[in-house]
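# Structure at a glance
Residue strings, one per chain:
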Amino acid sequence: MAMITYKGESYTCEKDETVLVCLLRHKVFVPNACQSGVCQSCMMKAVQGTPPKVAQTGLKDTLVAQHHFLACICKPEEDLEVSLYDSSKDWMLAEVLEKSLLNESVVRLRLKPQHKIDYMAGQFINIKGQDGTSIRSYSLASLPTEDYLELHIKRVPDGLVSNYLHDIVAVGDSLSIMGATGDCFYTNRDQAQPLLMIGVGTGLAPLYGVIRDALAKDHTGSIHVYHGSLATPGLYYIDELRNLANEHESLSYTPCVLHGDAPEGGQQGDIQSVVRTDFPDLKGYRVYICGDPQIVDSIKKQCFMSGASMADIYSDPFDFS
Amino acid sequence: MSLYEELGGEASVNAAVDIFYRRVLSDAYVASFFEGVDMEKQAGKQKAFLTMVFGGPNNYTGLDMREGHKHLVDKGLNDSHYEHILAHLRSTLAELGVGNDKIQEVISIADSVRTDILNK
Ligand SMILES: Cc1cc2nc3c(=O)[nH]c(=O)nc-3n(C[C@H](O)[C@H](O)[C@H](O)COP(=O)(O)OP(=O)(O)OC[C@H]3O[C@@H](n4cnc5c(N)ncnc54)[C@H](O)[C@@H]3O)c2cc1C
Ligand code: HEM
Ligand code: FES
């Protein structure tokens, strides 16, 4: 069992317990959101001792060199003395330029950050909730060349931050944001490779960026976009995606709904079976899958079994704790 | 040259991991042991597994293997599952065109940790 020392106090970390869970259990507050090593909001620094390598997954070289690690995926193998990462300089204000409903449960926000943010289309930013301590991640649907950051936010029943963004935040208000990170983005390492993009619900947000980025970077291979929802009212950007498909011969768009009639050109059925039927052989494909973590994981597995190489599957499960 | 180098080092591990993992997940007899483990993390572990049995650099000890598979032994992991994994390893290497004698070397490394994996 390892001891975790923080601000002069030592705490016993149980077997298989992460540094985050250990500290929270002892009522030491550490910012966190996804609790699965994705959002980087729980970053800490090892002042003494070495955290296991996996706890630094996805961190920039410079942060690794300074012994930073993610508390939520750090199961210490030795005693550690840790300090909170001072993220205050990473947070900035962003003004809400526009707010509009994309359907009955998804709101679109367009933000103008105080300073320009360097990002790749498809990455995500973190936003602080009304209480100033809750942090949630939201994917960017915009392109770096556009002069606003665009987010698609789904209302989660009783959800703290999503309801704040839906009901309280207004045009002209400022939000605290940090970003951007994530590795679900387009790279032009093989421009002829066929792309399959599967978004469930607001999983379309990052894909809407990735699709347009691929087109802007002259991707020559085919691009197949599937957007899934429970029923037609849960879809959005139908016209935008149809227009893109009309403008680009390589692009096809298939809305999928589980219940009721699908819009024209769409399919009725669960998105996983639809994809399985349409793509029995994914050898050579690059696949992007975003949205609800459970669906993402099972589609990911299916795509792998259908022949896509693990290295060619990019995913952004919208994990929540 | 070490066995690992002869097989082609890290590149050969990368080539083998997709094929091997797909075979394992397609085999209902052993697939259940891999359920609920995140795919990407699992792929990393499959790479660790392959590097190890290819005789490549790794820091695992027999004790690590014992600890790492204990929860699986509790779920019923036994010699027959072990044989399945060895069979998938064999056919993966054959698919990649690895010669019989080399395959045999890999299999004997994989077999050398049996008592640890099965917690005997
Ligand atoms: C990398 C990443 C990218 C993301 N991108 C987006 C995005 O572009 N758009 C978007 O709308 N969301 C996105 N999310 C999800 C988002 O970060 C929040 O988890 C979500 O908005 C819920 O936060 P909340 O504070 O409203 O709910 P909370 O107060 O955290 O949760 C309230 C309750 O709802 C449950 N819950 C939380 N989230 C969900 C969910 N999605 N479905 C069902 N139940 C849930 C919780 O377990 C809890 O019981 C992303 C998440 C990650 C990790
Ligand atoms: C043939 C000898 C074997 C070797 C050398 C071996 C090696 C490994 C290694 C190196 C890991 C990664 C450990 C880590 O870093 O966490 C691992 C994990 C794992 N192995 Fe094996 N393994 C063997 C046999 C088996 C068998 C027979 C099964 C089941 C049928 C199995 C199932 C697993 C599972 C499920 C994990 C992931 C455990 C978890 O994270 O929950 N292994 N193995
Ligand atoms: S990375 Fe640790 S809480 Fe998200």
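This write-up is about the structure you can find in this document. (Residues numbered from 1 in each chain as written. Chains lettered and ligands numbered in written order. Predicted model: local features only at pLDDT ≥ 70, side-chain atom pairs only at ≥ 80, totals over all residues. Heavy atoms only, no water.)

## What about the overall build of chain B?
For chain B, the helix and strand inventory stands at eight helices and zero strands. Starting at the N terminus and walking to the C terminus, you meet the elements of chain B as α-α-α-α-α-α-α-α. Here chain B has a C-alpha radius of gyration of 14 Å; the compact-globule value for 120 residues is 14 Å, and the two agree. Judged by the C-alpha coordinates and their principal axes, chain B covers about 40 × 30 × 25 Å. Burial status across chain B gives 44% buried among its 120 residues. Relative to all contacts within chain B whose residues are 6 or more apart in sequence, the contacts with residues 24 or more apart total 79%. Carbon and sulfur atoms make up 53% of the accessible area of chain B, which totals about 6,300 Å². With 12 positive and 18 negative side-chain charges, chain B shows a spacing of 4 Å between the two charge centroids. (Helix = DSSP H or I, 4+ residues; strand = E, 2+ residues; numbered from the N terminus. Rg over C-alpha atoms; globule rule 2.2 N^0.38 Å. Buried < 20%, exposed > 50% of the residue type's maximum accessible area, 1.4 Å probe, protein only. Contact = heavy atoms within 4.5 Å. Areas by Shrake-Rupley, 256 points an atom, 1.4 Å probe, with all protein chains shown as cover. Lys, Arg positive; Asp, Glu negative; His and termini not counted. Charge placed at Lys NZ, Arg CZ, Asp CG, Glu CD.)

## A short note on the pattern of salt bridges
Scanning all chains against the criterion turns up 16 salt bridges over all chains. Between A:Glu17 and A:Arg25 there is a salt bridge; the shortest N-O distance is 2.6 Å. Classification of A:Glu17 by relative accessible area gives buried; the value is 9%. Residue classification places A:Arg25 among the partly exposed positions, given a relative accessible area of 39%. Ionic contacts of the salt-bridge type, sharing partners, join the residues B:Asp79, B:Glu83, B:Asp111, B:Arg114 and B:Lys120 into one network. (Salt bridge = Lys/Arg side-chain N within 4 Å of Asp/Glu carboxyl O.)

## Some words on the site of ligand 2
All names here are of chain B. Contacts to ligand 2 come from 17 residues, most closely from Lys-45, Tyr-60, His-69, His-71 and Tyr-82. Between ligand 2 and His-69, the relevant distance is 2.9 Å, taken from a nitrogen atom to a side-chain nitrogen or oxygen of the residue. Here an oxygen atom of ligand 2 sits 3.1 Å away from a polar atom, N or O, in the side chain of His-71. Elements supplying a minimum of two residues to the shell around ligand 2: α4 (39-53), α5 (62-74) and α6 (79-95). In the shell around ligand 2, the residues fall into 13 nonpolar, three polar and one charged. (Near = heavy atom within 4 Å. Polar contact = N/O pair within 3.5 Å; in protein donor to acceptor, adjacent residues only side chain to side chain. Nonpolar A, V, L, I, M, F, W, Y, C, P; charged D, E, K, R; others polar.)

## Observations regarding the sheet that holds strand β4 (residues 68-70) of chain A
All names here are of chain A. Taken in spatial order, the five strands of this open sheet run β2-β1-β5-β3-β4, and their pairing is mixed. The sheet is open, and its two borders are formed by β2 (9-13) and β4, each paired with just one other strand. Strand-to-strand twist in this sheet, taken as the mean axis angle between neighbours without regard to direction, amounts to 40 degrees. (Pairing = 2+ DSSP bridges. Axes fitted to C-alpha atoms, helices over the stretch in contact; angles between N-to-C directions.)

## Details of the packing of helix α2 (residues 9-26) of chain B against α4(B)
Residue and element names in this part refer to chain B. The N-to-C vectors of α2 and α4 enclose an angle of 115 degrees; their axes lie 9 Å apart at closest approach. Put simply, α2 runs roughly perpendicular to α4. Two packed elements cross with a definite hand, and for α2 against α4 that hand is right-handed. Across the interface between the two elements, Val-13, Asn-14, Ala-16, Val-17, Phe-20, Tyr-21 and Leu-25 from α2 touch Met-39, Gln-42, Ala-43, Gln-46, Lys-47, Phe-49, Leu-50 and Thr-51 from α4. (Parallel < 35°, antiparallel > 145°, perpendicular 65-115°, else oblique. Left-handed = near helix turned anticlockwise from the far one by under 90°.)

## Description of the site of ligand 1
Residue and element names in this part refer to chain A. Arg-136, Ser-137, Tyr-138, Val-161 and Ser-162 are the nearest of the 23 residues found near ligand 1. In the environment of ligand 1, an oxygen atom lies 2.7 Å from a nitrogen or oxygen atom belonging to the side chain of Tyr-138. Contact distances for ligand 1 include 2.6 Å between an oxygen atom and a side-chain N or O atom of Ser-162. Contact with the protein chains removes 78% of the 930 Å² of surface that ligand 1 exposes when unbound. Of the residues contributing to the shell around ligand 1, the split by class is 11 nonpolar, seven polar and five charged.

## Quick notes on a negative patch on the surface
Taken together, the side chains of A:Glu77, A:Glu78, A:Asp79, B:Asp64 and B:Glu67 make up a negatively charged region of the molecular surface. Secondary-structure assignment places A:Asp79 in the loop between β4 and β5 (80-84). Accessibility expressed as a relative area gives 46% for A:Asp79, which makes it partly exposed. (Patch = residues over 30% accessible without salt bridge, like charges linked within 9 Å, V, L, I, M, F, W, Y side chains within 5 Å.)

## So, the coordination of the iron atom of ligand 2
Protein coordination of the iron atom of ligand 2 is limited to a single donor, B:His69 (NE2), positioned at 2.1 Å. Inspection of the secondary structure puts B:His69 in helix α5. (Donors = N, O, S within 2.8 Å, 3.2 Å for Na, K, Ca; no water.)

## Topic: the environment of B:Val17
All names here are of chain B. Counting through the fold element by element, Val-17 comes out in helix α2. For the pair Val-17 and Leu-50, spaced 33 residues apart in sequence, the C-alpha separation works out to 7.4 Å. Filtering out sequence-adjacent residues up to four positions away, Val-17 remains in contact with Ala-43, Gln-46, Lys-47 and Leu-50.

## Section: the sheet that holds strand β8 (residues 124-128) of chain A
Whether parallel or antiparallel, the strands of a sheet pair through hydrogen bonds between backbone atoms. Residue and element names in this part refer to chain A. Here we have six strands laid out as an open sheet, ordered β9-β8-β11-β6-β7-β10, and antiparallel in their pairing. Sheet topology places β9 (135-139) and β10 (149-154) at the edges, where each strand pairs with a single neighbour. Here the average twist between neighbouring strands, direction ignored, is 40 degrees. Looking at chain direction, strand β6 (residues 92-103) and strand β11 (residues 174-181) are connected through four bridges and run antiparallel. Bridged to Ala-94 within β11 is Leu-175.

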